[in-house]
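Remarks on the overall topology
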Amino acid sequence: MLCGLSPIESGDILWNGQSIRMRRGSFQRDLSYLGHLNGLQESMTVQENLAFATALRGHAPDVKAVAATLARFGVGGRGGQLVRHLSQGQKRRVALARLSLSPARLWVLDEPFVAMDDSGISMLSDLIAGHLAQGGITVLTSHQRVDIGQVPAQILELRA
Amino acid sequence: MKPPPSPVPKPLGLGAIMLAVLRREIALAMRQKGEVLTPLVFFIVIASLFPLGVGPESALLLRMAPGVLWVSALLAAMLSLQRMFASDYADGSLEQMLLSSTPLALLVAAKALSHFLLSGLPLVLVAPVLGLQFGLDGPALGILMLSLLLGTPTLSLIGSIGASLTLGVRGAGVLLSLLILPLYIPVLIFGAGAVEAYASGLGSGGHLSLLAALLVLALFFAPLATTAALKISLE
């Protein structure tokens, strides 16, 4: 709903003071979303997936940056492999690499810590901390409490 | 972990983005060659069954040829429609496309275009061989190809509306054909009509113009309708 995928029942969501329903294009330029699904085409290689994601954002893909980012997430040797040959955790890491490659200011993450081992969790919280340090915004949902660096976070506990 | 130095991205035009989508679709199809070949083989088999079933009377076959070939092409083009969005829907790529800053209608148009290139164009190229089987002469074969060339992109565009509406629905294949086949009727009438009109000496210009008009109409409206349908499917 926050991304504008589902209609809003009441009220409105503003981004930079403008309703996201009216200014979809400029809102989506600032938005990067990672949900339950990784959003990686199984029959394409890791690199092709990331290059396509960059192209969708309207930028020419930068092969070197892609390779460096993959290495940073511990999937450096997998660039040429088809996504379907990766494990769940590796796919998740590739999805995180895509997130970190995007220049978006607002990250909306839906349970990003699912299917992650300890090193993956610390990697992701570092990534989020880095994003916040650069002046970005992150909205995430999670079942665990996760420490994200020294940044004050607003936590909203939802009870059914 | 240090944040990476922020890259200076080169901006891409909308055309380049469309090209990237096209290239992706074609690369995907080349990895699953069976999916490209199935509609083509289906087309050949269906069109070849008619002479076997009706008998070798050449006057009758010649009379039937345009209709039979066009109906076969219609069914073959429909066969691969379901896949247009299905795998991207399943793995979340479609979600990412919807949330990207590129206008969705443009991505949809590129997807429909690649559907035409991969399933419509092969039909156009094979049609004359099948036409010979029915005894169509040279100029009639030319008209047949031209009518298919103008008609199959329209089929892909209209089909994309059906494919997006039936995303994630159980038994999508049957529902898709029920939704889409009635919408294909105008294309069928003018497509087969073009060849028949030529055969009866009336000239096929009018039919071909109408086919082209349908194509322009679909080119404008179908991506918009598909975009709306995709948004509903992904809610």
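Cut-off values and rules
- Residue numbers run consecutively from 1 along every chain, following the written order of its sequence.
- Starting at A for chains and at 1 for ligands, labels are handed out in the order in which the entities are written.
- Since the coordinates come from a predicted model, pLDDT governs what is reported: local features require at least 70, and pairs of side-chain atoms require 80 or more to be given and counted, while whole-chain, interface and lining totals use all residues.
- Starting at the N terminus, helices and strands are each numbered in turn, a helix being any DSSP run of H or I of at least four residues and a strand any DSSP run of E of at least two.
- Here a residue counts as buried when 20 or more other C-beta atoms sit within 10 Å of its C-beta, as exposed when there are 12 or fewer, and as partly exposed otherwise, the C-beta atoms being derived from the backbone.
- Any pair of residues counts as being in contact when their C-beta atoms, constructed from backbone geometry, are within 7 Å of one another.
- In predicted models, pLDDT denotes the confidence assigned by the predictor to each residue on a 0 to 100 scale.
- Residues enter a nonpolar core if they are buried, belong to Ala, Val, Leu, Ile, Met, Phe, Trp, Tyr or Cys, and are joined to the set through C-beta atoms within 7 Å.
- Whether two strands pair comes down to DSSP finding at least two bridges between them.
- Every angle, taken between N-to-C directions, lies between 0 and 180 degrees, and every axis is a line fitted to C-alpha atoms, over only the stretch in contact when it is a helix.
- Each angle receives one of four descriptions, namely roughly parallel if under 35 degrees, roughly antiparallel if over 145, roughly perpendicular if within 65 to 115, and oblique otherwise.
- A crossing counts as left-handed when the near helix is turned anticlockwise from the far one by less than a right angle, and as right-handed when that turn is clockwise.
- Lys, Arg, Asp and Glu make up the charged group, whereas Ala, Val, Leu, Ile, Met, Phe, Trp, Tyr, Cys and Pro make up the nonpolar group; the residues left over, Gly among them, are polar.
- Here a helix's expected span is defined as the number of its residues, less one, multiplied by 1.5 Å.
- The arc in question is the one spanned by the directions pointing from the helix axis to the C-beta atoms.
- Throughout, the bend at a residue refers to the angle made by two axes, fitted to the seven residues ending there and to the seven starting there.

**Observations concerning the overall build of chain B**
Of regular secondary structure, chain B possesses nine helices and zero strands. Ordering the α and β elements of chain B from the N terminus gives α-α-α-α-α-α-α-α-α. If one aligns the C-alpha atoms of chain B with their principal axes, the spans along those axes are about 80 × 35 × 30 Å. Counting every position in chain B, which comprises 235 residues, the buried fraction comes to 45%.

**Observations regarding the overall build of chain A**
The helix and strand inventory of chain A stands at five helices and five strands. Taken from N to C terminus, the helices and strands of chain A fall in the order β-β-α-β-α-α-α-β-α-β. Across the 160 residues of chain A, 34% fall into the buried class. Restricting the contact set of chain A to residue pairs at least 6 apart, pairs at least 24 apart contribute 65%.

**What about the confidence of the model for chain B?**
Residue and element names in this part refer to chain B. Residues with a pLDDT of 70 or more make up 96% of chain B, whose mean pLDDT is 85. At the low end of the mean pLDDT range in chain B sits helix H5 (residues 93–99), at 80; at the high end sits helix H7 (residues 138–165), at 90. Per the prediction output, this complex has pTM 0.83; the corresponding ipTM is 0.75.

**Some points on the nonpolar core**
All names here are of chain B. Leu69, Ala73, Leu144 and Ile158 are the most contacted members of the largest nonpolar core, which totals 98 residues. At twelve residues, the largest contribution of residues to this core is made by helix H6 (residues 104–133). In this structure, Ile158 is in contact with Ile180, Leu183, Tyr184, Ala218 and Ala222, ignoring residues within four places of it in sequence.

**Considering the pairing of strand E3 (residues 31–34) of chain A**
Residue and element names in this part refer to chain A. Side chains Leu31 and Tyr33 project from E3 onto one buried face, and the interleaved Ser32 and Leu34 project onto a second face that is buried too. Pairing analysis gives four bridges linking E3 to strand E4 (residues 106–110), with the strands arranged parallel. Residue pairing in the sheet places Leu31 in a bridge with Leu106 of E4.

**Let's talk about the packing of helix H1 (residues 14–31) of chain B against H6 of chain B**
Residue and element names in this part refer to chain B. Following both chains from N to C, one finds H1 and H6 inclined at 40°, their axes separated by 9 Å at the closest point. By the criterion of interaxial angle, the relationship of H1 to H6 is oblique. Both H1 and H6 take part in a crossing whose hand is right-handed. Here Leu14, Ile17, Met18, Val21, Leu22, Glu25, Ile26 and Ala29 of H1 come into contact with H6, specifically with Leu106, Leu107, Ala110, Lys111, Leu113, Ser114 and Leu118.

**Regarding the packing of helix H3 (residues 58–79) of chain B against helix H8 (residues 172–199) of chain B**
Residues and elements named next belong to chain B. Where H3 contacts H8, the two axes come as close as 9 Å, and the packing angle between them is 145°. When the axes of H3 and H8 are compared, the crossing they make is right-handed. On the side of H3, the interface is formed by Pro66, Gly67, Trp70, Val71, Leu74 and Met78, while H8 contributes Ser177, Ile180, Tyr184, Leu188, Gly191, Ala192, Val195 and Glu196. Within the contact of H3 with H8, the residues separate by chemical class into ten nonpolar, three polar and one charged.

**Some remarks on the interface of chain A and chain B**
Counting residues at the interface gives 36 residues for chain A, matched by 29 residues for chain B. Mapped by element, the contributors of at least two residues to the side of chain A that touches chain B are helix H1 (24–29), E3, helix H2 (46–56), helix H3 (63–72) and helix H5 (118–133) of chain A. Along the lines of polarity and charge, the residues of the side of chain A that touches chain B split into 17 nonpolar, 13 polar and six charged.

**Concerning the environment of His85 of chain A**
Residue and element names in this part refer to chain A. Within the secondary structure layout, His85 lies in the loop between H3 and helix H4 (88–101). With 12 C-beta atoms packed within 10 Å, His85 lands in the exposed category. Distance in space between the C-alpha atoms of His85 and Gln47 is 13 Å, their sequence separation being 38 residues.

**Some words on the sheet that holds strand E5 (residues 137–141) of chain A**
All names here are of chain A. The parallel open sheet is built from three strands, whose spatial order is E3-E4-E5. Looking at the sheet topology across the chains shown, the edges are occupied by E3 and E5. Each strand of the sheet is rotated relative to its neighbour by a mean of 10°, with strand direction disregarded.

**A look at H1 of chain B**
Because an α-helix completes one turn every 3.6 residues, residues spaced three or four positions apart along the sequence face the same direction. Between its first and last C-alpha atoms H1 of chain B spans 26 Å; for 18 residues at 1.5 Å apiece the expected length is 26 Å, and the two agree. Within H1 of chain B, the full set of buried residues consists of Ile17, Met18, Ala20, Val21, Arg24, Leu28 and Ala29 of chain B. Along the axis of H1 of chain B, the buried positions cluster into a sector of 165°, meaning they face one direction only. Facing away from the buried side of H1 of chain B by over 90 degrees, the exposed positions are Gly15 and Met30 of chain B. As for H1 of chain B, its buried residues are in contact with H2 of chain A together with helix H2 (33–54) and H6 of chain B.

**Things to note about H3 of chain B**
All names here are of chain B. Taking 1.5 Å of rise per residue, the 22 residues of H3 would be expected to cover 32 Å, and the 30 Å separating its terminal C-alpha atoms lies within 8% of that figure. In H3, a bend of some 50° at Ala65 exceeds every other bend along the element, and Pro66, a proline, comes one to four places later. The set of residues buried in H3 consists of Ala65, Pro66, Val68, Leu69, Trp70, Ser72, Ala73, Leu74, Ala76, Ala77 and Met78.

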